Amino acid sequence: MAKDHGAQIKDDALYEELLKQGNSKEKAARIANAKAAGTLDHPGGKLEDRSKADLLKEAREIGIEGRSKMDGAALAKAIRGHK
């Protein structure tokens, strides 16, 4: 069972797991609290549910090379791997 980290941490188990992965206390707290509040997901939805045009736009914005030759699944994988 996860240790109680007080009222400021909304998901103690996730917070502890993030600390074990090497994240700072501040980053772990932000992620754990966002996940608990339901605000962690990308506003555009899951990558697999987005159109190829949306994926191409995001790939262009983050500078993924070879994006014009990729299909939707490859774009989603490249975007996910970039972040």
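(A) Region of interest: the overall build of the protein. Along its length, the protein carries four helices and zero strands. Helices and strands appear in the protein in the N-to-C order α-α-α-α. Sequence separation of at least 24 residues holds for 18% of the intrachain contacts in the protein that already meet a minimum separation of 6. Looking at the protein as shown, the accessible area adds up to about 6,100 Å², and 51% of this sits on carbon and sulfur atoms.

(B) Molecular detail of the packing of helix 1 (residues 12-20) against helix 2 (residues 25-37). Here helix 1 crosses helix 2 at 145 degrees, and the two axes come no closer than 9 Å. The handedness of the crossing between helix 1 and helix 2 comes out as right-handed. Between helix 1 and helix 2, the residues in contact are Leu 14, Tyr 15, Leu 18 and Leu 19 and Lys 25, Ala 28, Ala 29, Ile 31, Ala 32 and Lys 35, respectively. Looking at the contact of helix 1 with helix 2 residue by residue, the class counts come to eight nonpolar, no polar and two charged.

(C) Examining the nonpolar core more closely. Counting eight residues, the largest nonpolar core is built from Leu 47, Leu 55, Ala 59, Ile 64, Met 70, Leu 75, Ala 76 and Ile 79. Those elements that provide at least two residues to this core are helix 3 (52-62) and helix 4 (72-82). The element that contributes the greatest number of residues to this core is helix 4, accounting for three residues. Not counting residues within four places of it along the chain, the set of residues in contact with Ala 76 comprises Leu 47, Glu 48 and Leu 55. In terms of nonpolar packing, the next biggest core, distinct from the first, is built from six residues, Leu 18, Ala 28, Ala 29 and Ala 32 among them.

(D) Representation of the pattern of salt bridges. If you walk through the whole model with that rule in mind, you get two salt bridges. Notably, a salt bridge pairs Arg 80 with Glu 48, separated by 3.0 Å at the nearest N-O pair. Of this pair, Arg 80 sits in helix 4 while Glu 48 sits in the loop between helix 2 and helix 3, and the two are 32 residues apart along the sequence. Its relative accessible area of 45% is what places Arg 80 among the partly exposed residues. Between Arg 50 and Glu 58 there is a salt bridge, with its nearest N and O atoms 2.8 Å apart. Note on accessibility: Arg 50 and Glu 58 belong to one class, buried.

(E) Inspection of helix 3 at higher detail. By the burial criterion, the buried members of helix 3 are Leu 55, Glu 58 and Ala 59. Along helix 3, the residues classed as buried sweep out an arc of 100 degrees about the axis, all on the same side. Facing away from the buried side of helix 3 by more than 90 degrees, the exposed set consists of Ala 53 and Glu 61. In the core, the buried residues of helix 3 are packed alongside helix 4.

Rules and cut-offs
- Residues numbered from 1 in each chain as written.
- Predicted model: local features only at pLDDT ≥ 70, side-chain atom pairs only at ≥ 80, totals over all residues.
- Heavy atoms only, no water.
- Helix = DSSP H or I, 4+ residues; strand = E, 2+ residues; numbered from the N terminus.
- Contact = heavy atoms within 4.5 Å.
- Areas by Shrake-Rupley, 256 points an atom, 1.4 Å probe, with all protein chains shown as cover.
- Axes fitted to C-alpha atoms, helices over the stretch in contact; angles between N-to-C directions.
- Left-handed = near helix turned anticlockwise from the far one by under 90°.
- Nonpolar A, V, L, I, M, F, W, Y, C, P; charged D, E, K, R; others polar.
- Core = buried A, V, L, I, M, F, W, Y, C linked by side-chain atoms within 4.5 Å.
- Buried < 20%, exposed > 50% of the residue type's maximum accessible area, 1.4 Å probe, protein only.
- Salt bridge = Lys/Arg side-chain N within 4 Å of Asp/Glu carboxyl O.
- Arc of directions from axis to C-beta.

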